[in-house]
Each structure stands twice: as C-alpha cells, then as structure tokens.
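# An overview of the molecular structure
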Amino acid sequence: MTESGAQSGPTALRIILGAHLRRMREAAGISRSDAGWEIRSSESKVSRMELGRVGFKERDVGDLLTLYGLDDGEERERLMALARDANNPGWWHRFGDVLPSWFHSYLGLEAAAQLIRTYELQFVPGLLQTPEYVRAVVQLGRGLIPAEEVERRVALRVSRQEVLHRTPTPVRLWAVVDESVLRRPIGGVKAMRIQLEALLEATHMPNVTLQVMPFESGGHAATGGAYSILRFPEQDLPDIVYIEHLTSALYLDKLEDLDQYTATMEALCVAAPPPNKTRDHLHRILKDFDD
C-alpha cells in the first residue's frame, strides 16, 4: 500500500488506513468508545479516523494496533509507515492562502484517482481550463481581486492539471459538458476561442474523453446539476461522488448513492453524441465565435 503513497496523496492514504483500522476493530469486537478510551480520546475521534477525515498520530495508531491484537511485526510496520505517509502534506498546501478548507480533501482524492468522470453545465471542467479561462472564472462575482491572488489561483489550477500528464499512470478523464458551457463567453470571445481550441487539443489525448450534450437533446437524466465520480486504483478505496456547492462540498460513498449517480452518468454518456463527434461540434461552435 505504501508504495503508491507518493502518488496517492495523504487524503487517499488516510481513507485507506482508516478503513483498515475499522475492519480490524470490528473483527476484534471492540467498540469505538473503547477504542477512543485506549487512545485517550473520544468515540467521535475514532469515527473521524476511520473515515479518513483527520490526521493520524503514530502513537494512537500503534496503541490501536496493539488493542486490536496485531502481532505481525511486518504488517504492523507497514501500517505505521502508512500512517506516516498519510500525515505528509499534499503539494496543494502551499496554496493554502487561496484554497478553501473544504476543497483540500477533493484535491487529495483527485491526485489519487485513476478515473474521473464528470458532468458540467456551467464551466469547462477544471482539469481542461486554460489560464485565460481560469482568470475569468476566479473573478466571477468576487469584485476586485488583487492580481497576485488571481495568479496564485491560476497556478493552483494549472498544477492540478498535471495529473493528466503524470507518468507512468495519468488520470483518465471522461467529461460530459453541456453545450451552454461552450457557448458562454467567460473572459470574452478571445479567451473563449483559446479555451475551445484547447479542448480540441485535449480530444487527441488518449486519456481524455469529451462529450458535448447539445441543446437539441432536450431534457436528460442529470437534472440535479454538475457532479463528478472518482475511482481509485487501490481496492480499499470506494468510488466517491463529489458535488460542489458555493461554500462547501458533498462526498458520497454509500453504495445506493454510487449506484444512482453512476447510472445517471451512464445515461448522460448514452444520450450525448459519441466522443468521435465532439471535434465536429467544437469546430462548429468555434466558427460561430468567428462570425
């Protein structure tokens, strides 16, 4: 597990370790309350640890492993190393001054993902946005933002996009974008033309699949709005549905939620024209911006 730590990032590692500790506790027949007492804490702290929502103190992990009866020295060291890796800050921490606290978890999951499927109806997917487009988006509804902060936000977005180019395992992105996203000239006509050209280039990437939901398609399954589904290479990590709000986000991993959102995503992909039609659609929209 720790071999993938550098790429998985601390968020994913915390979830993996937390799930492992939960299974060990349940197998040992120990309550969260008793586990909390063992580490001089509370039942709620153990719950947050098992969900991967807090960092791990090595002393606490060691005490829990002893309580759960782990006597395999090699396995114990593996889990302790996982706890240490899970406490390492992600690359995005250097952007903490422009990063909402609730967005940290998503960046960790995005960095760990093997596949990201997303539906967008307002903005171009973040992993495909150009710097010009990002500059316009970050200033929407926010009044006058200092130029330095704008550029920090642009740098953050560009850094995120490295997951599409990392070696040897770039993330696979499958995006369904509503046509209104591509016709809304965020940043002005010139910026939007640059963005559309960048999307055309992205369609040539082997790990990027882009579909456009055209106006003429009428209604479709995703009436609830934009969302993403993230899948991970680690078997210990379930798929996660991510839904972003104005000042917070939802992370869903219950099987019934995953089934419903996955079925809706499949329906969107079937309803939209196939990916091999996307370039034609982008060229038509680009031509309209030229007129």
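Procedures and definitions
Residues numbered from 1 in each chain as written. Predicted model: local features only at pLDDT ≥ 70, side-chain atom pairs only at ≥ 80, totals over all residues. Heavy atoms only, no water. Helix = DSSP H or I, 4+ residues; strand = E, 2+ residues; numbered from the N terminus. Buried < 20%, exposed > 50% of the residue type's maximum accessible area, 1.4 Å probe, protein only. Contact = heavy atoms within 4.5 Å. Phe/Tyr/Trp six-rings, centres within 6.5 Å; stacked < 30°, edge-to-face > 60°. Pairing = 2+ DSSP bridges. Axes fitted to C-alpha atoms, helices over the stretch in contact; angles between N-to-C directions. Domains from an automatic or database assignment. Buried area = accessible area lost by both parts, 1.4 Å probe. Salt bridge = Lys/Arg side-chain N within 4 Å of Asp/Glu carboxyl O. Polar contact = N/O pair within 3.5 Å; in protein donor to acceptor, adjacent residues only side chain to side chain. Nonpolar A, V, L, I, M, F, W, Y, C, P; charged D, E, K, R; others polar. Expected span 1.5 Å × (residues − 1). Arc of directions from axis to C-beta.

The secondary structure content of the protein amounts to 12 helices and 6 strands. Across its three principal directions, the C-alpha atoms of the protein cover 70 × 45 × 35 Å. With 291 residues in all, the protein has 48% of them scored as buried. The long-range fraction of contacts in the protein, counting pairs at least 24 apart against all pairs at least 6 apart in sequence, stands at 72%.

On inspection of all chains with the given rule, the structure shows 7 aromatic pairs. On the numbers, 5.5 Å between centres and 20° between planes, the contact of Phe103 with Tyr106 is stacked. Overall, the relative accessible area of 10% leaves Phe103 in the buried class. Measuring from ring centre to ring centre gives 5.3 Å for Tyr242 and Tyr251, while their planes differ by 50°; the resulting arrangement is tilted. Given the relative accessible area of 4%, Tyr242 is considered buried. For Tyr251, a relative accessible area of 29% corresponds to the partly exposed category. Ring-pair connections join several aromatic residues into one group, and the members of that group are Trp102, Phe103, Tyr106, Tyr242 and Tyr251.

Looking at chain direction, strand E5 (residues 240-244) and strand E6 (residues 249-252) are connected through 4 bridges and run antiparallel. Each residue of the ladder has a partner; that of Glu244, found in E6, is Ala249. In textbook terms, the turn of a hairpin is the stretch between consecutive antiparallel strands, and for E5 and E6 this stretch comprises 4 residues.

Our focus in this paragraph is the sheet that holds strand E2 (residues 172-178). Within the open sheet, the 6 strands sit side by side as E3-E2-E1-E4-E5-E6. Their pairing is mixed. With partners counted over all chains shown, the strands left at the sheet margins are strand E3 (208-213) and E6, one partner each. Between one strand and the next, the sheet's axes are offset by a mean angle of 15°, whatever the strand orientation.

The next subject is the domain arrangement of the protein. Frequently, the measure chosen for interface size is the accessible area removed from exposure when the parts meet. In terms of domain boundaries, the protein breaks down into domain 1 (10-87) and domain 2 (94-288). For domain 1 versus domain 2, the separation of C-alpha centres amounts to 34 Å. Each side of the interface is counted separately: domain 1 has 5 residues, and domain 2 has 9 residues. For the pair domain 1 and domain 2, the summed buried surface comes to about 610 Å²; carbon and sulfur atoms form 72% of the total. At the surface where domain 1 touches domain 2, the tally comes to 0 salt bridges. At the junction of domain 1 and domain 2, the tally comes to 0 residue pairs in polar contact (both at pLDDT 80 or more). For the side of domain 1 that touches domain 2, the class distribution of residues is 3 nonpolar, 1 polar and 1 charged.

Glancing now at the environment of Leu156. When you line up the elements, Leu156 lands in helix H8 (residues 147-160). A sequence separation of 93 residues divides Leu156 from Asp63, and the C-alpha atoms of the two residues are 38 Å apart. Not counting chain neighbours up to four residues away, the residues in contact with Leu156 comprise Trp91, Phe95, Leu99 and Leu107.

What follows concerns the side chain of Gln195. With respect to the helices and strands, the residue Gln195 is situated in helix H10 (residues 189-202). Discounting chain neighbours no more than four positions away, the residues touching Gln195 are Val124, Leu128, Gln129, Thr130 and Tyr133.

Counting buried residues in E5 gives 4 out of 5 residues, a clear majority hidden from the surface. Summarising the sheet, strand E4 (residues 227-231) and E5 pair through 3 bridges and their orientation is antiparallel. From the neighbouring strand, Ser228 faces E5, where its bridge partner is Tyr242.

Over its 13 residues, helix H12 (residues 278-290) extends 19 Å from the first C-alpha to the last, a length consistent with the 18 Å expected when each residue adds 1.5 Å. Those residues of H12 that fall on the buried side of the exposure criterion are Thr278, His281, Leu282, Ile285, Leu286 and Phe289. Along the long axis of H12, the arc covered by the buried residues comes to 135°, so they all point the same way. The secondary structure elements touched by the buried residues of H12 are helix H9 (179-183), H10 and E3.

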